[in-house]
Amino acid sequence: MRAIVIDDERLARKELITLLNQLESVEVVGEAVNVDDAKEKIEQLNPDVIFLDIQMPEKTGFELLEELDNVPHVIFTTAYDEYALKAFQVNALDYLLKPIEPKRLEEAITKLQGKIDGFNKSEETPSSHSQKKLTLEDQVFVKDGDRCWFVKLSNVRLFESDGNYIKVYFDNFKPMIHKSLNALDERLDEKSFFRASRKHIINLGWVEGIEPWFNGGLVVTLKGGDRIEVSRRQAARFKEMMSL
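Sequence order sets the numbering: in each chain, residues are counted from 1 along the sequence as written. With the structure being a predicted model, the display of local features is reserved for residues of pLDDT at least 70 and the display and counting of side-chain atom pairs for 80 or more, all residues being used for whole-chain, interface and lining totals. Computation of side-chain values covers all heavy atoms of the structure but excludes hydrogens and water.

As annotated in an unreviewed UniProt entry, the chain is LytTR family two component transcriptional regulator from Algoriphagus ratkowskyi.

### Looking at the overall build of the chain
Counting secondary structure elements, the chain contains 8 helices and 15 strands. Only protein chains enter the area calculation, which uses a 1.4 Å probe; residues under 20% of their type maximum are buried, those over 50% are exposed, and those in between are partly exposed. Within the chain, buried positions represent 41% of all 244 residues. Residue pairs at least 24 apart in sequence account for 47% of intrachain contacts in the chain once pairs closer than 6 positions are excluded. Here the Shrake-Rupley method, with its probe set to 1.4 Å, supplies the accessible areas, and only the displayed protein chains count as covering residues. Here the chain displays about 14000 Å² of accessible surface, and carbon together with sulfur accounts for 45% of that area. Working definition: helices are DSSP H or I runs of at least four residues, strands are E runs of at least two. Numbering for both runs from the N terminus. Residue contacts are counted whenever heavy atoms from the two residues lie within 4.5 Å of one another.

### A few points about the packing of aromatic side chains
What describes a pair of aromatic rings is the distance from one ring centre to the other and the angle between the planes of the rings. Two aromatic rings from Phe, Tyr or Trp, using only the six-membered ring of Trp, form a pair when their centres are within 6.5 Å; if the ring planes differ by under 30 degrees the pair is stacked, by over 60 it is edge-to-face, and anything between is tilted. Scanning the entire structure with this criterion turns up 6 aromatic pairs. Considering the side-chain rings of Phe-194 and Phe-238, the 5.0 Å spacing of their centres and the 55° angle between planes classify their relative orientation as tilted. A residue pair is termed long-range when its members are at least 10 positions apart, and Phe-194 in strand 11 (residues 193-195) and Phe-238 in helix 8 (residues 232-241) qualify at 44 residues. Accessibility assignment for this pair places Phe-194 and Phe-238 in one class, buried. One aromatic cluster is present, formed by Trp-149, Phe-170 and Phe-173 through successive ring pairs.

### Observations regarding the sheet that holds strand 15 (residues 227-230)
Reading across the sheet, the 3 strands line up as 13-14-15 and stay open at both edges, with antiparallel pairing between neighbours. Two strands close off the open sheet at either side, each with one partner strand: strand 13 (207-212) and strand 15. Neighbour-to-neighbour, the strand axes of this sheet turn through a mean angle of 25°, independent of strand direction. The sheet contact formed by strand 14 (residues 218-222) and strand 15 spans 4 bridges and is antiparallel. At least two DSSP bridges between two strands are required for those strands to pair. Only the contacting stretch of a helix is used when fitting its axis, a line to C-alpha atoms as for every element, and angles between N-to-C directions run 0 to 180 degrees.

### Remarks on the confidence of the model for the chain
A score from 0 to 100, pLDDT tells how confident the predictor is in each residue. Overall, the predicted model of the chain reaches an average pLDDT of 85, with 89% of residues at or above 70. Taken together, the stretch residues 121-130 has pLDDT below 50 and engages in 10 contacts with residues farther than four places along the chain or on a different chain.

### Section: helix 8
The α-helix winds at 3.6 residues per turn, so residues separated by three or four positions along the chain end up facing the same way. Where helix 8 is concerned, the buried positions are Gln-234, Ala-235 and Phe-238. Considered in projection along helix 8, the buried side chains sweep an arc of 115° and stay on one side of the axis. Turned more than 90 degrees away from the buried face of helix 8, the exposed residues are Arg-233, Ala-236 and Glu-240. Of the surrounding elements, those touching the buried residues of helix 8 are strand 11, strand 12 (200-203), strand 13, strand 14 and strand 15. Think of the arc as the fan of directions from the helix axis to the C-beta atoms.

### Let's talk about the side chain of Asp-53
Here Asp-53 lies in the loop between strand 3 (49-52) and helix 3 (61-67). A relative accessible area of 4% places Asp-53 in the buried class.

Spelled out as structure tokens, the structure:
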């Protein structure tokens, strides 16, 4: 994959290029110090992906995207997390916070490779990446109003249906996302997440206690104190999964 690194800070460019050069799937074909320089390099070199800083002199990374006729895949690299919401509104593939961790960079590249592979496959052969289940190691973007978070799924203890929304429980937060629990259930790895009832999906790694309940059901206590009723229909399956 051909990449261009765009950042007004020379040391930041050098550090990122060093990390990218360690990845066999990426070839850094150029670097740019500002929006005008970047626009020229992108038109000349036609990269697959640009690693784009947001805060630069004169023009921002967002302004660069507005000026491009053909926008490559975009991975933002920035020291500020307050731009995350806007980044995803312009369909950024990922959002890496400085200093960039090699593991997060590899995750972004894997996501990019899956995206490109999906484009290269026929419509009759869906991308395996698009069908991949979300595991505890995956990081997801959650926004609720003006607030947004990047959350590792291992830190999410519970999903709770609330009308046309889902309440996401992590740390001391419970933001709401516009999604159905059924759609979410299809995306989550069943080895790590369990559909306890029509209203709840629990992270099995957060289970702290289990006790019998009415009519053959169960009540599961999660670390932190949340108590979730497991329907009778799901109780047998839950017992089998938890080796009871």
